[in-house]
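The primary structure of each chain is shown beneath.
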Amino acid sequence: MLTILRGLGRGLLELGFPARCAACGARLGEGQALCDLCALSLEPPGPAACGRCGEPLAGAPPPGVDPRCGRCLAAPPAFTVARARYRHEGAVATAIRRFKFGDHPELAGPLGALLAPALGAALAAGAEVVVPVPLHPRRLREREYNQALLLAARAVRHLGRGGVAAPAPERAALRRVRDTDPQIGLTPAQRAANVRGAFVAAPARVAGRAVLLVDDVLTTGATADACAAALRAAGARSVEVLTLSRAVQ
C-alpha cells in the first residue's frame, strides 16, 4: 500500500499538482521547471571548453582553433563529442542530487524539459538513436529507477508535446554487466579503471547508427567513455554524449 501511495504522489507531482521547483520546492507557475530565483543560477558551460569532452579550460581558444584538454590529447575518448546544457552548480546541481539520490523520480519531468532543447538539436544534427547510460541490476533494484532513462524519456516526451518527433530511448541497447564502485571520491584514473569493460552493447540496436548517449551529469567522462567504447565495439557509427550538466573540475 505504501508503494502504491508513493507512486500516486509522484504521478500527481509530475502532472503538476501542485507544480514545485525541482531545486528548492517552491510553488511554480505553469510550464516552469525552476522558480525564478533558482533559474538565475543556470549557467551554460561557456565557450572556453575542450572541443571533445567539454572540460572547461582556462581561457577561450584563438579563432579557428579546436581546443583540447590534456586528458583528451593524451587519450582521446571513444565518443565524438560530449555536450552539456548547464554547468553542474547552483540549482541544477541541487535538482540532480534530489532526483538521483533523494528518491524523487518525478523530477525527471522538469529536468527532462530543461534537457529537451539540446536533445532536439542533437537529433536534428543527425543522431539516430537515444541510449541512456544504464545502471547495474543491483543498483536499479536499490534505487527503483534509472535516472538517465527517465531523463531521456521525459525529454523525448517534452519534444513530442511540442510537435517534434523523437525516437523513444533504446533501453536494451546498452547493459552494465559489472557492478562497479561509486565514482564519487575517485581520481580520474581510478574512475576510468573502475568502469573499464563494465558495459556491453547490442549490435542489433546500434550497428551502423549515430548514437546519442544520455546521462544526468558528466564529471571526468570516464563512464561516458566506457559506454561509448562498448557502443563502438557493437558497430555504432558514432557516439555523441549529452548530459544535463557538466561538472567543473
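Anything mentioned here points back to the structure above.
A few points on the structure.

**As for the pattern of salt bridges**
- Scanning the entire structure with this criterion turns up 9 salt bridges.
- Measuring nitrogen to oxygen at the nearest pair gives 3.3 Å for the salt bridge that ties Glu55 to Arg246. Here Arg246 lies in strand β6 (residues 238-246) and Glu55 lies in the loop between α2 (36-39) and α3 (70-74), a separation of 191 residues in the sequence. Each member of the pair Glu55 and Arg246 is classed as buried.
- Its salt-bridge partner being Arg138, residue Asp179 comes within 2.3 Å of it at the nearest N-O pair. Within this pair, whereas Asp179 is found in the loop between β3 (174-176) and α8 (188-195), its partner Arg138 is found in helix α6 (residues 137-143), the two being separated by 41 residues in sequence.

**With respect to the pairing of strand β5 (residues 210-218)**
- In terms of residue burial, β5 counts as a mostly covered element, since 9 of its 9 residues are buried.
- Here strand β2 (residues 129-132) runs beside β5; their pairing, made up of 4 bridges, is parallel. Each residue of the ladder has a partner; that of Val130, found in β5, is Leu212.
- In this sheet, β6 lies alongside β5 in parallel orientation, the contact comprising 8 bridges. Directly across from Leu213, in β6, lies its bridge partner Val241.
- Read as a crossover between parallel neighbours, the route from β5 over helix α10 (residues 222-233) to β6 is right-handed.

**Side note on α10**
- If you check α10, its first and last C-alpha atoms are 17 Å apart, about what 12 residues at 1.5 Å a residue would give, namely 16 Å.
- Among the residues making up α10, those that are buried are Ala222, Thr223, Ala224, Ala226, Cys227, Ala228, Ala230 and Leu231.
- Looking one or two residues beyond α10, the residue adopting positive phi is Gly235, at roughly 105 degrees.

**What to know about the environment of Arg85**
- Structurally, Arg85 is set in strand β1 (residues 81-87).
- Along the backbone, Arg85 and Pro67 are 18 residues apart, and their C-alpha atoms lie at a distance of 19 Å.
- Ignoring anything within four residues of it in the chain, the contact list for Arg85 reads Glu43, Pro44, Pro45, Leu114, Pro117, Ala118, Thr243 and Leu244.
- A distance of 2.3 Å separates a polar atom in the side chain of Arg85 from the backbone oxygen of Leu114.

**Some details on the sheet that holds β5**
- Strands sit in the order β1-β6-β5-β2 across an open sheet of 4 strands; the sheet is parallel. The open sheet has two edge strands, β1 and β2, and neither has a second partner. Across the sheet, the axes of successive neighbouring strands diverge by a mean angle of 25 degrees, strand direction being ignored.
- Of the strand pairs in this sheet, β1 and β6 are connected by 6 bridges, and their pairing is parallel. Looking across to β6, one finds that Ala82 is bridged to Val241.
- Those strands touched by helix α7 (residues 147-161) are β2, β5 and β6, and its axis lies near 115 degrees from that of β5.

**Notes on the packing of aromatic side chains**
- Counted by the stated rule, this structure contains 1 aromatic pair.
- A centroid spacing of 6.2 Å and a plane angle of 25 degrees characterise the contact between Phe99 and Tyr145, whose relative ring orientation is stacked. In this pair, Phe99 is assigned in helix α4 (residues 90-101) and Tyr145 in the loop between α6 and α7, connecting sequence segments 46 residues apart.
- By relative accessible area, which is 7% here, Tyr145 ends up buried.

The rules behind the values
- Residues numbered from 1 in each chain as written.
- Predicted model: local features only at pLDDT ≥ 70, side-chain atom pairs only at ≥ 80, totals over all residues.
- Heavy atoms only, no water.
- Salt bridge = Lys/Arg side-chain N within 4 Å of Asp/Glu carboxyl O.
- Helix = DSSP H or I, 4+ residues; strand = E, 2+ residues; numbered from the N terminus.
- Buried < 20%, exposed > 50% of the residue type's maximum accessible area, 1.4 Å probe, protein only.
- Pairing = 2+ DSSP bridges.
- Right-handed = clockwise from strand over helix to strand, strands pointing away.
- Expected span 1.5 Å × (residues − 1).
- Contact = heavy atoms within 4.5 Å.
- Polar contact = N/O pair within 3.5 Å; in protein donor to acceptor, adjacent residues only side chain to side chain.
- Axes fitted to C-alpha atoms, helices over the stretch in contact; angles between N-to-C directions.
- Phe/Tyr/Trp six-rings, centres within 6.5 Å; stacked < 30°, edge-to-face > 60°.

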